[in-house]
Structure formats: structure tokens, C-alpha cells
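# Summary of the model geometry
Now for the letters of each chain:
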Amino acid sequence: MPHYSWYPGFMNEFIRLSAAQRQAFLGTVQVLVAYFNVGQFPPVSLFHKMSGYDLYECRWDPSGRFRATCEVSTEADGTIHVKWRRIGDHSIYNNP
């Protein structure tokens, strides 16, 4: 089971999303967990490394307007740790 944490600003951005957007994101996190639990990395269309950064992007909104960024590391025991950084529309790329 992967571990999760978040930067303080992430929760501020998360609560500004609509209820439907929050539910869509949490549903996508469940999909990510399912991939990680079987030892697979999620498909690039859903989760991929950002060019030029040591960060990953999660596309959780079907319209493509909303994204989340995170750091991914593997702990000594092999557990994957995801630390969420930003969530929202494309303005998160001003400071991913």
C-alpha cells in the first residue's frame, strides 16, 4: 500500500475545488493505488513525469483542465511514497 502526504498549500487548493472535482480526484487516487498495489506504474495518460522537473503530474479531470503535481519516492522497504504538491487548473504550472 503506498503512503501519501501533502504540502500545506495542497489542502488549501484542494478545498477550493468543487465537490465534484474533489470526488473526481479522490477516485483517480484510488486508481493510482490499485496500480501501485500490483507493482505497476500508472499509464502515462494518467500519471507521468513532468519534463524538466523531478515531479509527476496526475491528470484526474476528464476535460484535461485540472491536474495535480506530486513527488514520488520509494522507501527502503519498497513502499511507494507520494507527496502531493499542487492541485487545480493550469495555473499550478506557474510554480509546480
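First, a word on what this report is: a plain description of the structure on this page. All values derive from a computational prediction rather than experimental measurement.

## Details of the sheet that holds strand E5 (residues 80-88)
Strand order in the open sheet formed by five strands is E1-E5-E4-E3-E2, and the pairing between neighbours is mixed. Of all strands in the sheet, those bounded by a partner on one side alone are strand E1 (3-6) and strand E2 (47-49). Across the sheet, the mean angle separating the axes of adjacent strands is 30 degrees when strand polarity is ignored. Packed on one face of the sheet, helix H1 (residues 8-16) meets E1 and E5 and runs near 50 degrees to E5.

## Thoughts on the packing of aromatic side chains
Counted by the stated rule, this structure contains twelve aromatic pairs. Relative to Phe25, the ring of Phe14 lies with its centre 6.1 Å away and its plane at 65 degrees, an arrangement referred to as edge-to-face. In this pair, Phe14 is assigned in helix H1 and Phe25 in helix H2 (residues 19-37), connecting sequence segments eleven residues apart. Judged by relative accessible area, which is 12%, Phe14 ranks as buried. Measuring from centroid to centroid gives 5.7 Å for Trp60 and Phe66, while their planes differ by 35 degrees, and the two rings are tilted.

## Details of the nonpolar core
Phe25, Phe47, Trp60, Trp84 and Ile87 are the most contacted members of the largest nonpolar core, which totals 20 residues. Secondary structure elements with two or more residues in this core: H1, H2, strand E3 (56-59), strand E4 (67-74) and E5. Tallying contributions element by element places H2 first for this core, with five residues. Excluding residues that lie within four positions of it along the chain, Trp84 makes contacts with Tyr4, Ser5, Trp6, Tyr7, Phe10, Phe25, Val29, Leu32, Cys58, Ala68, Thr69 and Cys70.

## Observations concerning the pattern of salt bridges
Applying the stated rule across the entire model yields five salt bridges. The salt bridge partner of Glu57 is Arg67, with a shortest N-O separation of 3.0 Å. Here the residue Glu57 occupies a position in strand E3, and Arg67 occupies one in strand E4, the gap between them amounting to ten residues. Both residues of the pair, Glu57 and Arg67, belong to the buried class. Between Arg85 and Glu71 there is a salt bridge, and its shortest N-O distance comes to 3.0 Å. Placement of Arg85 in strand E5 and of Glu71 in strand E4 is noted, with a sequence separation of 14 residues between them. Among the residues examined, Glu71 registers a relative accessible area of 26% and is labelled partly exposed.

Calculation criteria
Residues numbered from 1 in each chain as written. Predicted model: local features only at pLDDT ≥ 70, side-chain atom pairs only at ≥ 80, totals over all residues. Heavy atoms only, no water. Pairing = 2+ DSSP bridges. Helix = DSSP H or I, 4+ residues; strand = E, 2+ residues; numbered from the N terminus. Axes fitted to C-alpha atoms, helices over the stretch in contact; angles between N-to-C directions. Contact = heavy atoms within 4.5 Å. Phe/Tyr/Trp six-rings, centres within 6.5 Å; stacked < 30°, edge-to-face > 60°. Buried < 20%, exposed > 50% of the residue type's maximum accessible area, 1.4 Å probe, protein only. Core = buried A, V, L, I, M, F, W, Y, C linked by side-chain atoms within 4.5 Å. Salt bridge = Lys/Arg side-chain N within 4 Å of Asp/Glu carboxyl O.

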